[in-house]
Amino acid sequence: MTAVESAVTPRVETATPQVVAMTYREAVREAIRAAMRQDSRVFLMGEDVGRYGGTYAVSHGLLDEFGPERVRDTPLSESAFVGMGIGAALGGMRPIVEVMTVNFSLLAADQIVNGAATMLHMSGGQFNVPLVIRMATGAGRQLAAQHSHSLEGWYAHIPGIRVLAPATIEDARGMLPSALDDPDPVLIFEHATLYNIEGQLAAGAGAVPIDRAAVRREGRDVSLIAYGGMLRTAIAAAEQLEASGVSAEVIDLRVLRPLDDDTILASVRKTHRAVVIDEAWRSGSLAAEVSARIMEGAFYELDAPVARVCAAEVPIPYPRHLEQYALPRVETIVETVQRMTTHAG
Amino acid sequence: MTAVESAVTPRVETATPQVVAMTYREAVREAIRAAMRQDSRVFLMGEDVGRYGGTYAVSHGLLDEFGPERVRDTPLSESAFVGMGIGAALGGMRPIVEVMTVNFSLLAADQIVNGAATMLHMSGGQFNVPLVIRMATGAGRQLAAQHSHSLEGWYAHIPGIRVLAPATIEDARGMLPSALDDPDPVLIFEHATLYNIEGQLAAGAGAVPIDRAAVRREGRDVSLIAYGGMLRTAIAAAEQLEASGVSAEVIDLRVLRPLDDDTILASVRKTHRAVVIDEAWRSGSLAAEVSARIMEGAFYELDAPVARVCAAEVPIPYPRHLEQYALPRVETIVETVQRMTTHAG
Amino acid sequence: MSANEHDLALLEAMIRIRRFEERCADLYKEEKIRGFLHLYIGEEAIAVGVMQALTPADAVVSTYREHGHALARGIDMNRVMAEMYGKATGTSGGRGGSMHLFDAPSRFYGGTAIVGEQLPMAAGLALADKMQGRPVVTACFFGDGAVAEGEFHETMNLAALWRLPVLFCCENNRYAMGTAIERAQSETDLALKAAAYRMPAWPVDGMDVKAVDSAARRAAESIRAGEGPHFIEFRTYRFRAHSMFDPELYRSKDEVEQWRRRDPILLFSERLRRESALDDTALEAIEKRVAAEIEAAVAFAEASEWEPVESLTRHVTTLAAP
Amino acid sequence: MSANEHDLALLEAMIRIRRFEERCADLYKEEKIRGFLHLYIGEEAIAVGVMQALTPADAVVSTYREHGHALARGIDMNRVMAEMYGKATGTSGGRGGSMHLFDAPSRFYGGTAIVGEQLPMAAGLALADKMQGRPVVTACFFGDGAVAEGEFHETMNLAALWRLPVLFCCENNRYAMGTAIERAQSETDLALKAAAYRMPAWPVDGMDVKAVDSAARRAAESIRAGEGPHFIEFRTYRFRAHSMFDPELYRSKDEVEQWRRRDPILLFSERLRRESALDDTALEAIEKRVAAEIEAAVAFAEASEWEPVESLTRHVTTLAAP
Ligand SMILES: Cc1ncc(C[n+]2csc(CCOP(=O)(O)OP(=O)(O)O)c2C)c(N)n1
Ligand SMILES: Cc1ncc(C[n+]2csc(CCOP(=O)(O)OP(=O)(O)O)c2C)c(N)n1
Ligand SMILES: [Mg+2]
Ligand SMILES: [Mg+2]
């Protein structure tokens, strides 16, 4: 199942000489292109990354520029090509493996969890695996139960890998080069509804740090903690809350493993209230981990219990109204905050 | 990788006329045997369940009694034989699929998560999947990084399946028949270190409820919440605490999905303190979910933040001293409790 | 029914699927159908031909490109169309959509969106039938792309090893999304690959509905006779894009044109005309019946209710939701 | 070295592995070695023969039954024994144990405990070599049981499709734990299965070290010449239990006895005696050297330190632990 919303090449309408307007999709493509131009060890491998132009058109044009040796279309063999990414990384290359979507990564789960994540430790530090795996994640496009998972929280449970969730144009452009510099396996989750968002990017923008969360919006009364596709929802909720006189701070986790406790706890110590927003199912979500860490690190700072706004615990249904109802919504976040803030008595 | 600690057939030294002494292994075997005798739709399928006698000798003797049609040795094809379990269940059978250990279930993760768990909902309620999947789980036997996972928390994240963790002889004997009566998929996680434990079982013991947690030990000062292989550790800690004057209640979760909030919260409302013990890695563990639920359901009842005692975030190493150090220990639990109880000022 | 009537029925069944999907493509542009939509246009002869060999007791397992299989299996077009819309009256109560058509009465087990995932399930259905002594066949449809997946290998081996009554119907349309079979398979003769598992396997012209029909009958008979699984590679071509999003950068208009000359509906109606078993009036009658049925299906879908949001968590589990 | 010297070296290499593992079995009973222990006894000719075809630049990938491969590859026996103990001086710093021997200098990539998992990694190593223009071979060892896994299928196809320099060494000892190959494979001729992926594949007597040696050389040469992957099915037998826990209910003592008559060490030493290339004194000398090396290895392991618990989380990530 696939969606080439647009196969356009990067538009560089310069807003100001220093700034470039581009989509999230183009930012990821630029990141891959720049890395492949800089380092001959970098190559892209996955289903339909070449001739098709990438399921989400991310790799459109790269085959023409770099050729089939470095932009490798694979058969439908998730376990094998992810495992080959491990081997290629061990062999001195810097593979970027694209698993079309997280839904299909289940077929490669063994290679990631028992393979990539354990190698360095099992070998007593001899063999690190500089592998980057990109996948699209998330719901919201009426793709139903088998194509709407948000399983990045699963992978964030596994020691030995780093898990990233770029939610902005800057991070879409900057996380990949940093991931390629990481000597260990890095998973990058790109929310499928973000590819079309547009934004401004500094002309020379490049690598960004991949160890810290970010405060996307300052606030006093409550901390809204989100990542990936939910960041926009959290910001929208913060804006609505503003109107009703509640000042919400918005934290973008960015790095799902290792979690940046400092940024999370600093915000909660300031606002004394937190709502964690996660598109995954509530039970066993990453939101639970964040809530537990706030419990452990800032319990005595809390004016109210940390709340979670997650997806309903149901395989995501096809019809738009049911799907939207199953996912975290701005209204739900706003209501949750209003219930917990003194303002909304 | 396999361990037939003993291939003995059930000893029925009647302690009292009403009570039978048996091991956890024998209890599971009896559960399978009784189900197969009662219901011709029930059959056992998995790697080495037949001629070999079961990796953990659980199915020893069943091939002789029921023959190769109903005790089916499979090739090493986890994805296929789990998926065939789904099909056989849809076709009117009641398959018990044995995945040798949870470590290998990663190869069948797609069939469980995208297949078994979604079928009923995707089909609008037409096709339920009465499939039972048993697997050994856990560390503690020096089997190193690829054979020591505790991933039951992962599966507890998935709507559409029930997840069980028998920690006692009664549950080893009684959860399987209840799981077979469940019209939907049920995963049963048997901790590999439990197979040799001995206990008394009421002669006629059979099905047990699979929707509630259990209070294994009454206490006043703190709730120790555990499941599976960690229950014994929690009870041992409770006994040590008793000596130092701390009265610990021990909750056995038993059912990892859906979690029994009532029992958990009732205990916390009584003790006002909780420590969640989980053999899985801390980040994204089921312990995080339990902590988050207590935050949401009993925040104002808490005298101290809920604490977690989990495995260190490291692929489990081979040497005994490192493995034991990586896993939750009685001392750690006791210290954690002492830090949080007034008694230990 | 007479041979001639049978032939006309085959033709009508193919036209019915073709027109239904052409309408679906329009409805997609009108945003009545959303999500993914994978058209079967060009491959109709396979679904129609294979279904001739099946009885109501047999089981069918398919992919996300399954509208043709569902209609050929006899599922009410109203309910199929309602499912495309996501209405409560759909085959799956609207929850599944285009990729997840299910129908218990006709033993139609979907509608899977994970390539290759349905193969083990099909083998399991066959195992259940075998263990319960039912002389039925499970027909499992999948594409050439699925052949590269590990689950294909594991299932072929187990099905052959346990001699399960499965009819493996490989719809080789030469592409997996944008990846041509030559770029995906070291051995592009898929029947040869299947034979390596020690099961009867042969290629058939998937553009010739009669060839499909007779091959499927031959295989089904042999399966019912206890000869174990059979594999047929149906050689066909996808006339439309992989899905509604596909810009088709990976193949030439010319290649598509070549194949369109082998359109199964075109070939078969020409043949029937040659045999003067078909004339314009007969064809018009077919088109009229089909058009009317599609109109009715659209009207039914339009008039149908949405599932209320209150029942979102229904069917997560059979008993109380977790 | 002369042909005769080479033969004696082969014999000594096999005896060295045999005696090492016999000692490991004793050490297991003494609880010096814990966890799982899978002995290679009976299969030594394969590891020894194949390694003759490899250069130091080549890569080796193996299973949990890899002591023989590690020793034959030339990894210091002291460090192998220390790893069996779990000592800090072991090949993997003690963290891996018997199933996870690793050695960067000899490009020995383990030591995997998940059946079949190593196949894609081996293909990936070969891909890296090919992309970097290194004329080297990756030898990948796996058992007959692994052939049923989906990863076998996916890897064979990709390796053949991309013509990767992999030598697939299938150690067919006729059992996967307790499951005889007849109960696991619809096609028990594994070379035939491999050939279906369009790669050169043939069976070799795995009990004849010379046959293994020459087959491996032939394959390695052809791989270096750019002929793509090759598959060799080495027909062998496991004399001991699958692991130290296995009660061996699934096979008869008699069957095992039959195979013991084809003990690769027995066969080869008899042959060398016939060719009067070996006599008692020469054999005693070998046994003495081997015994001394093993004694030293045990002493080394015994004397070695344990990794301190403080460094538990070292090597989880290369940079600071999460
Ligand atoms: C496991 C998995 N990987 C990738 C995809 C994305 N995808 C959907 S259809 C498809 C191509 C399948 O090709 P084929 O099996 O030949 O069937 P066709 O679409 O040609 O009918 C791909 C790659 C998927 N749905 N599942
Ligand atoms: C994926 C997976 N499934 C099951 C196991 C348990 N197991 C370990 S070895 C083995 C048998 C493997 O047989 P084979 O590949 O022939 O190798 P051999 O042990 O005979 O050398 C099994 C089933 C495992 N380690 N990994
Ligand atoms: Mg295709
Ligand atoms: Mg074997």
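Reading guide: rules and limits
- Residues numbered from 1 in each chain as written.
- Chains lettered and ligands numbered in written order.
- Predicted model: local features only at pLDDT ≥ 70, side-chain atom pairs only at ≥ 80, totals over all residues.
- Heavy atoms only, no water.
- Helix = DSSP H or I, 4+ residues; strand = E, 2+ residues; numbered from the N terminus.
- Rg over C-alpha atoms; globule rule 2.2 N^0.38 Å.
- Contact = heavy atoms within 4.5 Å.
- Areas by Shrake-Rupley, 256 points an atom, 1.4 Å probe, with all protein chains shown as cover.
- Lys, Arg positive; Asp, Glu negative; His and termini not counted.
- Charge placed at Lys NZ, Arg CZ, Asp CG, Glu CD.
- Core = buried A, V, L, I, M, F, W, Y, C linked by side-chain atoms within 4.5 Å.
- Buried < 20%, exposed > 50% of the residue type's maximum accessible area, 1.4 Å probe, protein only.
- Polar contact = N/O pair within 3.5 Å; in protein donor to acceptor, adjacent residues only side chain to side chain.
- Donors = N, O, S within 2.8 Å, 3.2 Å for Na, K, Ca; no water.
- Buried area = accessible area lost by both parts, 1.4 Å probe.
- Salt bridge = Lys/Arg side-chain N within 4 Å of Asp/Glu carboxyl O.
- Pairing = 2+ DSSP bridges.
- Axes fitted to C-alpha atoms, helices over the stretch in contact; angles between N-to-C directions.
- Nonpolar A, V, L, I, M, F, W, Y, C, P; charged D, E, K, R; others polar.
- Least-squares fit on C-alpha atoms with pLDDT ≥ 70 in both.
- Right-handed = clockwise from strand over helix to strand, strands pointing away.
- Disulfide = S-S within 2.5 Å.

For the rest of this paragraph, the subject is the overall build of chain C. The secondary structure content of chain C amounts to 11 helices and eight strands. Over its C-alpha atoms chain C spans a radius of gyration of 19 Å, differing by no more than 12% from the 20 Å that the globule rule assigns to 322 residues. With respect to the three principal axes, the spread of C-alpha positions in chain C is 60 × 50 × 45 Å. Sequence separation of 24 or more characterises 73% of the internal contacts of chain C that already satisfy a separation of 6 or more. A total of about 10600 Å² of accessible surface is found on chain C, and carbon and sulfur atoms cover 52% of it. Looking at chain C, you have 38 positive and 49 negative side-chain charges, and the mean spots of the two groups are 2 Å apart.

Relative to the elements of secondary structure, A:Ser77 occurs in the loop between β3 (71-73) and α3 (78-90). Remark: the alpha-carbon pair of A:Ser77 and A:Ala108, spanning 31 residues in sequence, is separated by 8.7 Å. The residues touching A:Ser77, leaving out its near neighbours within four places in the chain, are A:Glu47, C:Ala148, C:Glu149, D:Glu154 and D:Leu158.

In terms of nonpolar packing, the biggest core is built from 371 residues, with A:Ile294 and B:Ile294 touching the most fellow members. Among all residues touching B:Ile294, those that are not within four sequence positions of it are B:Ile225, B:Ile264, B:Leu265, B:Val268, B:Ala274, B:Phe299, B:Leu302 and B:Val306. Counting residues in hydrophobic clusters, the runner-up holds 39 residues, among them A:Ile32, A:Ala35, A:Val49 and A:Phe66.

A separate point is the side chain of A:Arg25. Residue and element names in this part refer to chain A. Take Arg25: it is sitting in helix α1 (residues 24-38). Exposure remark for Arg25: the relative accessible area of 1% places this residue in the buried category. A polar atom in the side chain of Arg25 sits 2.8 Å from the side chain of Asn196.

Residue and element names in this part refer to chain C. Coordination of the magnesium ion (ligand 3) by the protein involves Asp144 (OD), Asn173 (OD1) and Tyr175 (O), with metal-donor separations of 2.0 to 2.1 Å. Binding-site remark: the magnesium ion (ligand 3) is held by donors from one chain whose sequence spacing is D-x28-N-x1-Y. Placement of Asp144 in the loop between β3 (138-143) and α6 (150-161) and of Tyr175 in strand β5 (residues 175-176) is noted, with a sequence separation of 31 residues between them. The two residues Asp144 and Tyr175 agree in class, both being buried.

With 46 residues of chain B in contact, the opposing surface of chain A contributes 46 residues. Both faces combined, the contact of chain B with chain A buries some 4500 Å², and carbon together with sulfur accounts for 63% of it. On the chain B side of the interface with chain A, the three residues burying the most area are B:Trp154, B:His157 and B:Met295, jointly 17% of the side's total. Across the contact surface, chain B and chain A share eight salt bridges.

What follows covers the sheet that holds strand β14 (residues 307-311) of chain A. Strand pairing in a sheet is mediated by backbone hydrogen bonds. Such pairs are either parallel or antiparallel. All names here are of chain A. Spatially, five strands are ordered β9-β11-β10-β13-β14 in an open sheet, and the strand pairing comes out mixed. Edge positions in the open sheet fall to β9 (214-217) and β14, since each of these has one partner strand only. Geometrically, the sheet is characterised by an average inter-axis angle of 25° between neighbouring strands, direction not taken into account. Together, β10 (222-226), β13 (274-281) and β14 form the strand contacts of helix α11 (residues 286-298), whose direction differs from that of β13 by roughly 155°.

If you look at the interface, chain C gives 44 residues, while chain A gives 35 residues. For chain C, the biggest contributors to the area lost against chain A are C:Phe36, C:Met177 and C:Leu312; these three give 20% of the whole. At the boundary of chain C with chain A, the tally comes to zero salt bridges. Looking at the side of chain C that touches chain A element by element, the count peaks at three residues for helix α4 (residues 77-85) of chain C. Along the lines of polarity and charge, the residues of the side of chain C that touches chain A split into 22 nonpolar, 13 polar and nine charged.

Taken together, a rotation about one axis and a shift along it account for how the two chain copies relate. Mapping chain B onto chain A calls for a rotation angle of 180° and an axial translation of 0.0 Å; the resulting RMSD is 0.0 Å. Viewed as a symmetry operation, the transformation between the two copies matches a two-fold axis. Counting the interface residues of chain B, we find that 100% of their copies in chain A are interface residues as well, pointing to one common contact surface.

Of the residues making up helix α10 (residues 261-271) of chain A, those classed as buried are A:Thr263, A:Ile264, A:Leu265, A:Ser267, A:Val268 and A:Thr271. Buried residues along α10(A) sit in contact with β9, β10, β11 (248-252), β13 and α11 of chain A.

It is worth spelling out the coordination of the magnesium ion (ligand 4) at this point. The protein atoms donating to the magnesium ion (ligand 4) are D:Asp144 (OD), D:Asn173 (OD1) and D:Tyr175 (O), with metal-donor distances spanning 2.0 to 2.1 Å. When the donors of the magnesium ion (ligand 4) are listed by position in the chain, the intervening gaps give D-x28-N-x1-Y.

Residue and element names in this part refer to chain C. Residue alternation in strand β7 (residues 201-205) divides its side chains into a buried set, Trp202 and Val204, and an unburied set, Ala201, Pro203 and Asp205. Here β7 pairs with strand β8 (residues 230-235) via five bridges, running parallel. Residue pairing for β8: Val204 is matched across the bridge by Phe234. A crossover connection joins β7 to the parallel β8 through helix α8 (residues 209-227); in handedness this β-α-β unit is right-handed.

Glancing now at the state of the cysteines. All names here are of chain D. A full pass over the atoms with the stated rule returns zero disulfides over all chains. Looking at the unpaired Cys140, the closest cysteine sulfur is the one in Cys169, lying at 7.7 Å. According to the relative accessible area criterion, Cys140 is buried, its value standing at 0%.

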